[in-house]
Amino acid sequence: MTLYHFGNCVALLTPYYFTYKYSGLSEYGAFWKCVQAGGIYIFTQLCKMLVLATFFYSDTSSSSSGEFNFFAEIFRCSVDIADLLGFALILSRIPGKGHSKLITAGLGWATAEVVLSRGIMLWVGARGTEFSWIYILKCLESNVLLVQHITTATLIWLFTRHDLNKALKPLVSLLLAVTVFKGVWLEGMIHILAIGPWLTVAVKALVAAIIGFCTLHIYSGLAQQIGI
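Basis of the calculations
Residues numbered from 1 in each chain as written. Predicted model: local features only at pLDDT ≥ 70, side-chain atom pairs only at ≥ 80, totals over all residues. Heavy atoms only, no water. Helix = DSSP H or I, 4+ residues; strand = E, 2+ residues; numbered from the N terminus. Buried < 20%, exposed > 50% of the residue type's maximum accessible area, 1.4 Å probe, protein only. Contact = heavy atoms within 4.5 Å. Areas by Shrake-Rupley, 256 points an atom, 1.4 Å probe, with all protein chains shown as cover. UniProt positions renumbered as here; feature names shortened; annotations may be inferred. Patch = residues over 30% accessible without salt bridge, like charges linked within 9 Å, V, L, I, M, F, W, Y side chains within 5 Å. Salt bridge = Lys/Arg side-chain N within 4 Å of Asp/Glu carboxyl O. Expected span 1.5 Å × (residues − 1). Phe/Tyr/Trp six-rings, centres within 6.5 Å; stacked < 30°, edge-to-face > 60°. Lys NZ or Arg CZ within 6 Å of the ring centre and 35° of its normal. Axes fitted to C-alpha atoms, helices over the stretch in contact; angles between N-to-C directions. Parallel < 35°, antiparallel > 145°, perpendicular 65-115°, else oblique. Left-handed = near helix turned anticlockwise from the far one by under 90°. Nonpolar A, V, L, I, M, F, W, Y, C, P; charged D, E, K, R; others polar.

Draft legend 1. Highlighting the overall build of the protein chain. A count of helices and strands for the protein chain gives twelve helices and zero strands. Secondary structure elements of the protein chain, listed N to C terminal, follow the sequence α-α-α-α-α-α-α-α-α-α-α-α. Sorting the 228 residues of the protein chain into buried and exposed places 43% on the buried side. Within the protein chain, counting contacts between residues at least 6 apart in sequence, those at least 24 apart form 77% of the total. Only carbon and sulfur atoms are counted for the fraction: they give 69% of the accessible area of the protein chain, which is about 12700 Å².

Here it is in structure tokens:
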């Protein structure tokens, strides 16, 4: 029964495999490029941990009781700007153009995050004798993060393009700010509304879908313009 439950959790992560296989990355041999993106993710997270431990230790430790701390979340999200620099580094080091480069960056980043932040929890917890829905929820949330990270990579790419319509630059900047500080406004809204865990995942999925749709619309327009 425990292995069956563990298998269900792993099955929920199959969108990662389908994204790699059916987006064309397997045909380009982009596996090691995804590994490289995952390595940059690890380096970025280590840098963020050092900054948080050095400058914001008192603020982050005070919010460990489970209550929402507005100022601690602002500090933490300000450090998350390093994620944008990490994505920019990945996009600058991975050759290629078009959607394959963006999906490689987002997929490699998301996969490294799943393995490091949820892999051990699933291996130890989901194989336990006691059933819990928390592992199913974590797997579903991981799929939401996959969409979010591919969207973030696309926004970074759009932000660095000089041939993007100047009227769309403020919108791209706004979407990046909304993504980076999502821990403040989205988590704060969820905390105030006191909604359940299933609805929380649904709200996060809806937000990721809206941001992703807006980003896709901007990207498709630029792709048609430059012919990629």
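Draft legend 2. Quick peek at the UniProt feature "transmembrane region" (unreviewed entry) in the protein chain. Look at the UniProt record and you will see "transmembrane region" (unreviewed entry) annotated at residues 171–195 and 201–222. Taken end to end, residues 171–195 has its terminal C-alpha atoms 30 Å apart, with 88% of it in helix and 0% in strand. From the first C-alpha to the last, residues 201–222 spans 31 Å; its make-up is 100% helix and 0% strand.

Draft legend 3. Geometry of the side chain of S142. Structurally, S142 can be placed in helix α9 (residues 134–159). Aside from chain neighbours lying at most four places away, what touches S142 is L13, Y16, V114 and R118.

Draft legend 4. Layout of a nonpolar patch on the surface. A surface patch of nonpolar side chains, about 490 Å² in accessible area, is lined by I42, L46, M49, V115 and L116. When contributions to the nonpolar patch are tallied by element, the ones reaching two or more residues are α4 (31–55) and α8 (99–125). With three residues, the top contributor of residues to the nonpolar patch is α4. Structurally, the position occupied by M49 is in helix α4.

Draft legend 5. Quick peek at helix α12 (residues 197–226). The terminal C-alpha atoms of α12 lie 43 Å apart, and with 30 residues this matches the ideal 44 Å at 1.5 Å per residue to within 8%. Trailing α12 by a residue or two, G227 shows a phi angle of about 75°, which is positive.

Draft legend 6. Representation of the pattern of salt bridges in the model. Following the criterion strictly, the structure yields six salt bridges and no others. As a salt-bridge pair, D83 and K48 come within 3.1 Å of each other at their nearest N and O atoms. Within this pair, whereas D83 is found in helix α7 (residues 81–93), its partner K48 is found in helix α4, the two being separated by 35 residues in sequence. Linking R118 and E141 is a salt bridge whose minimum nitrogen-to-oxygen distance equals 3.7 Å. You can see R118 sitting in helix α8 and its partner E141 sitting in helix α9, a full 23 residues away along the chain. Given the relative accessible area of 17%, E141 is considered buried. Three or more residues joined by partner-sharing salt bridges are found here, namely R118, E141, E187 and K204.

Draft legend 7. A look at the packing of aromatic side chains. Tallying each qualifying case throughout the model produces seven aromatic pairs. Pairwise contacts between aromatic rings join Y17, F18 and Y22 into one cluster. Here K21 stacks its cationic end above the ring of Y22, 6.0 Å away from the centre of that ring. A cation sits over an aromatic face here: K169 above F159, 4.9 Å from the ring centre.

Draft legend 8. Quick peek at unusual backbone geometry. Even without glycine at this site, A194 takes up a positive phi of about 55°. A relative accessible area of 63% means that A194 is categorised as exposed.

Draft legend 9. Structural view of the packing of α8 against α9. Contact geometry of α8 with α9 gives a least axis separation of 8 Å together with a crossing angle of 160°. Of the possible angle classes, the one that applies to α8 and α9 is roughly antiparallel. Along this stretch, α8 crosses α9, giving a crossing that reads as right-handed. The segment α8 lies against α9, with L102, A105, G106, L107, W109, A110, E113, V114, R118, M121, L122 and G125 engaging Y135, K138, C139, E141, S142, L145, L146, H149, I150, A153, T154 and W157. Taken together, the residues of the contact of α8 with α9 sort by class into 15 nonpolar, five polar and four charged.

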